[in-house]
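Listed below, chain by chain, are the residues.
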Amino acid sequence: MNITYYFIGLLTGASLSSYFVGKELYKYYIKYKVQRKQLDRIIKLNDKILKMNDVDYGKTPNPDL
């Protein structure tokens, strides 16, 4: 009977450990995914600003200056 309790306790402990580890990994994954999206948006915006500045500097200079 004691061996049965031991295996049930072992199985329960492994299940609980797996649950909490999985929960933390999922939290990390969601955080990473959100940060990656924010970084992609910033990079896209930065590229857009750089293109706009290149176009502004690429214009013919004003002869009045």
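Above this text is the structure in question.
Structure report, in brief. (Residues numbered from 1 in each chain as written. Predicted model: local features only at pLDDT ≥ 70, side-chain atom pairs only at ≥ 80, totals over all residues. Heavy atoms only, no water.)

### Concerning the overall build of the protein
Phase 1: The helix and strand tally for the protein stands at 1 helix and 0 strands.
Phase 2: Per-residue burial over the protein gives 0% buried out of 65 residues.
Phase 3: As displayed, the protein offers around 6,700 Å² of accessible surface, 65% of which is attributable to carbon and sulfur atoms. (Helix = DSSP H or I, 4+ residues; strand = E, 2+ residues; numbered from the N terminus. Buried < 20%, exposed > 50% of the residue type's maximum accessible area, 1.4 Å probe, protein only. Areas by Shrake-Rupley, 256 points an atom, 1.4 Å probe, with all protein chains shown as cover.)

### Some remarks on the packing of aromatic side chains
Phase 1: What the rule picks out here adds up to 3 aromatic pairs.
Phase 2: With 5.5 Å between their ring centres and 65° between their planes, Y6 and F7 make a pair best called edge-to-face.
Phase 3: Owing to a relative accessible area of 48%, F7 belongs among the partly exposed residues under this scheme.
Phase 4: Taken together, a centroid distance of 5.1 Å and an interplanar angle of 70° make the contact between Y19 and F20 edge-to-face.
Phase 5: We classify F20 as partly exposed; its relative accessible area is 45%. (Phe/Tyr/Trp six-rings, centres within 6.5 Å; stacked < 30°, edge-to-face > 60°.)

### Some words on a nonpolar patch on the surface
Phase 1: There is a patch of nonpolar side chains on the surface, built from I3, Y6, F7 and L10 and spanning about 440 Å² of accessible area.
Phase 2: Topologically, I3 is positioned in helix α1 (residues 2–57). (Patch = residues over 30% accessible without salt bridge, like charges linked within 9 Å, V, L, I, M, F, W, Y side chains within 5 Å. Salt bridge = Lys/Arg side-chain N within 4 Å of Asp/Glu carboxyl O.)

### A word on the pattern of salt bridges
Phase 1: On inspection of all chains with the given rule, the structure shows 2 salt bridges.
Phase 2: The partner of R36 in a salt bridge is D40, and the shortest N-O contact between them spans 3.2 Å. Residue R36 and its partner D40 are located together in helix α1, separated by 4 residues, close to a single helical turn.
Phase 3: Here R36 falls in the partly exposed class, since its relative accessible area comes to 37%.

Such coordinate-based values are descriptive only and should not be taken to indicate function.
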